[in-house]
Amino acid sequence: MPLHVRFSNEARDVGLVKSKKRIQYLRSKAASSQGWLCYYCQQPMWETDPKSFSARFGLTDRAALHFRCTAEHLEARCDGGRDTEENVVAACRYCNGNRHKSKRPKDAVSYMELVRSRMKQGRWRSRGTGGR
Ligand SMILES: [Zn+2]
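The residue numbers shown here count from 1 along each chain, following its written sequence. Owing to the predicted nature of the model, reporting of local features is limited to residues with pLDDT of at least 70; listing and counting of side-chain atom pairs is limited to 80 or more, with chain, interface and lining totals taken over all residues. The side-chain quantities take in all heavy atoms of the structure and omit both hydrogens and water.

As annotated in an unreviewed UniProt entry, the protein chain carries the name Restriction endonuclease and is attributed to Rhizobium anhuiense.

Shown next as structure tokens:
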């Protein structure tokens, strides 16, 4: 591989590591300002310790995985959303994953409305039903 290509690859890798750290920082910051509640479903999340989380809420370890804290971009990255404090919120893995399941993800506001209305109908994953 020509030398200059190798160097530019390395530069890119360093950039990736930086943006990963940044997103972790933004995620933790958002999560603590949300009181560690998911942006969409308002249920508690964990960041590093699923064991004590599942013990606290009486969940199986597998169920607890759904409540892992993830970084969520209000404006999706593919739509030009950036890794900034204004654009990153903390959402549980379940909500985050569901939003991005559809080919054309909903915008954050209508997705939140969907989650909240499903929850009212008992059609969203909650701690109560999370064990299954
Ligand atoms: Zn959630």
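Q: Would you take a moment to explain the pairing of strand β2 (residues 88-92) for this structure?
A: Strand residues, when the strand is regular, have side chains that alternate between the two faces of the sheet. In terms of burial, β2 is largely enclosed, as 5 of its 5 residues are buried. A simple rule labels every residue: compare its accessible area, found with a 1.4 Å probe on the protein chains alone, to the largest value its type can have, and call it buried under 20%, exposed over 50%, or partly exposed in between. What counts as a helix is a DSSP run of H or I of at least four residues, what counts as a strand is a run of E of at least two, and both are numbered from the N terminus. Burial along β2 is two-sided: V88, A90 and C92 and V89 and A91, pointing in opposite directions, are all buried. Where strand β1 (residues 69-73) lies against β2, 5 bridges are found, and the strand directions are antiparallel. For H73, the partnering residue across the bridge sits in β2 and is V88. For two strands to pair, DSSP has to find at least two bridges joining them.

Q: Explanation requested: unusual backbone geometry in the structure shown.
A: Among all residues save glycine, negative phi is the norm, and among peptide bonds the norm is trans. Backbone geometry places W36, a non-glycine residue, at a positive phi of 60 degrees. Note that W36 resides in the loop between α1 (3-33) and α2 (50-57). By relative accessible area, which is 29% here, W36 ends up partly exposed. Backbone geometry at Q42 places phi at a positive 65 degrees, although glycine is not the residue there. Residue position: Q42 is located in the loop between α1 and α2.

Q: It is not clear to me how the nonpolar core should be interpreted in this structure. Could you clarify?
A: Across soluble globular proteins, nonpolar side chains have a tendency to be buried as a group. Residues C38, Y40, C41, C95 and V115 are the most contacted members of the largest nonpolar core, which totals 15 residues. Breaking this core down by element, the ones donating at least two residues are α1, β2 and α5 (108-120). Contact between two residues is taken to exist if any of their heavy atoms lie within 4.5 Å; hydrogens are not considered. Every residue in contact with C95, bar those within four places of it in the chain, is listed here: C38, Y40, C41, Y111, V115 and W124. The nonpolar core is taken to be a set of buried Ala, Val, Leu, Ile, Met, Phe, Trp, Tyr and Cys residues, with the residues joined through side-chain atoms within 4.5 Å. Within the second largest apolar cluster, 6 residues are counted, among which are W46, F53, A64 and F67.

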